[in-house]
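# Structure assessment
Chain by chain, the residues:
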Amino acid sequence: MTAPRLNLLGLDQDALRRWLVERGDKPFRASQMMKWLYHAGVSDFSDMTDLSKSMRARLGATVEVRGPQVIFEGVSDDGTVKWLLQLDGGNAIETVYIPDNGRGTLCVSTQVGCALDCSFCATARQGFNRNLSTAEIVGQIWVANQRLEALAEGTGAAAARITNVVIMGMGEPLANLANLIPSLNIMIDDMAYGLSKRRVTVSTSGIVPAIDKLRESVDVALAVSLHAPNDALRDELVPINKKYPLAVLMDACRRWVDRDRKTHVMFEYVMLAGVNDQPEHARQLVKLLGDLPSKVNLIPFNPFPGVGYTRSSNAAIDRFWDVLNHAGVRTTKRRTRGDDIDAACGQLAGQVDDKSRRDNKFSAPRFGEQR
Ligand code: SAH
């Protein structure tokens, strides 16, 4: 078997420069190439007309630019698009595009499956298979852009744009930090996707040393999946809490905001009926947050087969919101999007080395079908 080719989607600007220099090319070629890759969306080196012919030929013979392959595309009634993407080696992951009032948010995966075992999350049910490479993380944006253009073709409308990226798909991003960081660099680099640091959000269940490492490595926004205001309950819902309990986690959040006075931490809180949605929980949450610059995002629980929780009623969510709001905590309610195609938070499952299921998806893609 031939060795896989180097995929240039895996190299951020620094790495691309280093790689070029090692091959005897000039480092400034990096910005030229990145403009072709990310601004023009070109993957064929022969189209990169400001590179010399011999360089184009050499690149074409040795490396590649390749996103994962789309094996299923579902478009929700609300415009949300979900892709099942085939990775090398047989696994597949899911990526979701959520259009909203002029914004277009891409929800990106970082692992096949997840090791963290949060009790209310569908991805946890699959267990953990492997980390995504940088090229596979960036490749999701690459492929989404291509597909959004294809979907717009012939409609007369401009292609939907990706204005924000949230690392909230399958997996725990901070358990894959080494591959995540270069992908974030590519998202915020003006030579590449050029997203502002406030438009790229990494969501974590709270792996504290990795939060610190992320803070030292790249300037993006942080979301923490809190889901409970006390350790007893959080141990149950987000078991990584046993290793990094709330006091330790909140200290890491304080270090995060100390870097930049204008920043805040976004806390995600999934609303589980009768479990964590009582006014008493909201009062505990107010105390826990104290004067930390924060926003709370209440997420209606999205059920999946076999899970033991149900979604909080709208009244319970409103009551919870009231308590936080009265205490001066900025709180938003997340609208559920794309649930008719199983694209909502916590419903991403992809597939782990399960060929029969993939064949199923191919032959009978029924939207809204429960997995
Ligand atoms: N592992 C990372 C990112 C992936 S999950 C993290 O934990 O933050 C993205 C968000 O969806 C998290 O806040 C997660 O807790 C939430 N989520 C998981 N399952 C859910 C479900 N069934 N309904 C609603 N939100 C869910």
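Predicted, not measured: the structure shown is a model, and the values here were computed from it.

Glancing now at the site of the ligand. Within the structure, the ligand sits among 21 residues, and F120, S203, S225, H227 and N302 are positioned closest to it. Note that an oxygen atom of the ligand is positioned 3.5 Å from one of the backbone N or O atoms of T204. Taking 530 Å² as the accessible area of the ligand by itself, protein coverage stands at 95%. Listing elements by their share of the shell around the ligand, those giving two or more residues are strand 10 (200-204), strand 12 (265-271) and strand 13 (294-300).

Taken as a whole and assessed by the stated rule, the structure comprises 16 salt bridges. Of the charged contacts, one joins D25 and R23 as a salt bridge, the two residues approaching to 3.5 Å between their closest N and O atoms. The class for D25 is buried, based on a relative accessible area of 11%. Here R215 ties to D212 by a salt bridge, and the two come within 2.6 Å at their closest N and O atoms. Remark: D212 and R215 occur in helix 6 (residues 208-217); sequence separation between them is three residues, near one turn of the helix. The buried category is assigned to R215, whose relative accessible area is 17%. One network of salt bridges, with partners in common, ties together D212, R215, E216 and R255.

What follows concerns the domain arrangement of the protein. Domain boundaries assigned for the protein yield domain 1 (6-64) and domain 2 (69-341). A separation of 32 Å is found between the C-alpha centroids of domain 1 and domain 2. At the interface, 15 residues of domain 1 touch 13 residues of domain 2. Approximately 1200 Å² of surface area, both sides summed, lies buried where domain 1 meets domain 2, with 67% of it carried by carbon and sulfur atoms. For domain 1, the biggest contributors to the area lost against domain 2 are L9, D12 and Y38; these three give 47% of the whole. Joining domain 1 to domain 2, the criterion identifies zero salt bridges. Counting the contacts that link domain 1 with domain 2 gives five residue pairs in polar contact (both at pLDDT 80 or more). With six residues, the single largest contributor to the side of domain 1 that touches domain 2 is helix 2 (residues 29-39).

Rules of the game
- Residues numbered from 1 in each chain as written.
- Predicted model: local features only at pLDDT ≥ 70, side-chain atom pairs only at ≥ 80, totals over all residues.
- Heavy atoms only, no water.
- Near = heavy atom within 4 Å.
- Polar contact = N/O pair within 3.5 Å; in protein donor to acceptor, adjacent residues only side chain to side chain.
- Areas by Shrake-Rupley, 256 points an atom, 1.4 Å probe, with all protein chains shown as cover.
- Helix = DSSP H or I, 4+ residues; strand = E, 2+ residues; numbered from the N terminus.
- Salt bridge = Lys/Arg side-chain N within 4 Å of Asp/Glu carboxyl O.
- Buried < 20%, exposed > 50% of the residue type's maximum accessible area, 1.4 Å probe, protein only.
- Domains from an automatic or database assignment.
- Contact = heavy atoms within 4.5 Å.
- Buried area = accessible area lost by both parts, 1.4 Å probe.

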